[in-house]
Amino acid sequence: QVQLVESGGGLVQPGGSLRLSCGASGFTFSSYTMRWYRQAPGKEREWVAVIYNTGGTNYLDSVRGRFTISRDNAKNTMYLQMNSLKPEDTAVYFCHALSPRTQTYWGKGTLVTVSS
C-alpha cells in the first residue's frame, strides 16, 4: 500500500525556519520524481519545489534561495528546509510522487503557519 506522510509543520514567526519531511512507503522511492506543493487558504494548490531521481532540483521563484528540497533514498524520505519564512508562506504543504510511468501519489498535507 502506497503511503506519503508529511510531518514537521507548525506555527513559526516571520523570519523563522521549519523543516518538513515526507516519508514514503509502498513504492520504489528512488525512481520517483518528488515534489512539494502548497495550498493557502482560499487559493489554488501551487507547486513549490521538485527533486528528480537524478538529484536535480528546481523551485518556485518566490521560494528560491529560501527553501531547499532534498531526499534520502536510503530512508525513503524527502525534505523541505524552509528558512526566512514569510506570512505568505502560510499554507498546507503536500508531498507528491510521480513515477517514470506517470503514476502519481499525494500525501494528506501538513499545515505551516507563519505569524507573529
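The structure we're discussing is the one just above.
Because the structure is predicted, anything quoted here is derived from the model rather than measured.

Trainee: Report on the state of the cysteines, specifying residues and quantitative values.
Mentor: Across all of its chains, the model carries 1 disulfide by this definition. Through a disulfide, Cys-22 is tied to Cys-95; the S-S separation comes to 1.9 Å. In this structure the cystine formed by Cys-22 and Cys-95 twists about its S-S bond by roughly -65°; its chirality is therefore left-handed. Taken together, the residues Cys-22 in strand S3 (residues 18–25) and Cys-95 in strand S9 (residues 91–98) connect sequence positions 73 residues apart. The residues Cys-22 and Cys-95 share a single accessibility class, namely buried.

Trainee: Mind laying out the sheet that holds strand S7 (residues 67–72), listing which residues take part and the relevant values?
Mentor: Hydrogen bonds between backbone atoms are what pair the strands of a sheet, whose relative direction is either parallel or antiparallel. Taken together, 4 strands build an open sheet; the order of strands is S1-S3-S8-S7 and the sheet is antiparallel. Each having just a single partner strand, strand S1 (3–7) and S7 make up the two edges of the open sheet. Taking each pair of neighbouring strands and ignoring which way they run, the sheet shows an average axis angle of 15°. For S7 and strand S8 (residues 77–82), the ladder comprises 6 bridges, and the chain directions are antiparallel. In the sheet register, Phe-67 faces S8, and the bridge partner there is Met-82.

Trainee: Can you break down the environment of Gly-26 residue by residue, with the values?
Mentor: Mapped onto the fold, Gly-26 is located in the loop between S3 and strand S4 (33–39). Taking C-alpha positions, Gly-26 is 36 Å from Gln-13, a pair spaced 13 residues apart along the chain. Those residues in contact with Gly-26 that lie beyond four places of it in its chain are Gln-1 and Val-2.

The rules behind these values
Residues numbered from 1 in each chain as written. Predicted model: local features only at pLDDT ≥ 70, side-chain atom pairs only at ≥ 80, totals over all residues. Heavy atoms only, no water. Disulfide = S-S within 2.5 Å. Helix = DSSP H or I, 4+ residues; strand = E, 2+ residues; numbered from the N terminus. Buried < 20%, exposed > 50% of the residue type's maximum accessible area, 1.4 Å probe, protein only. Pairing = 2+ DSSP bridges. Axes fitted to C-alpha atoms, helices over the stretch in contact; angles between N-to-C directions. Contact = heavy atoms within 4.5 Å.

Read these as geometric descriptors, not functional statements.
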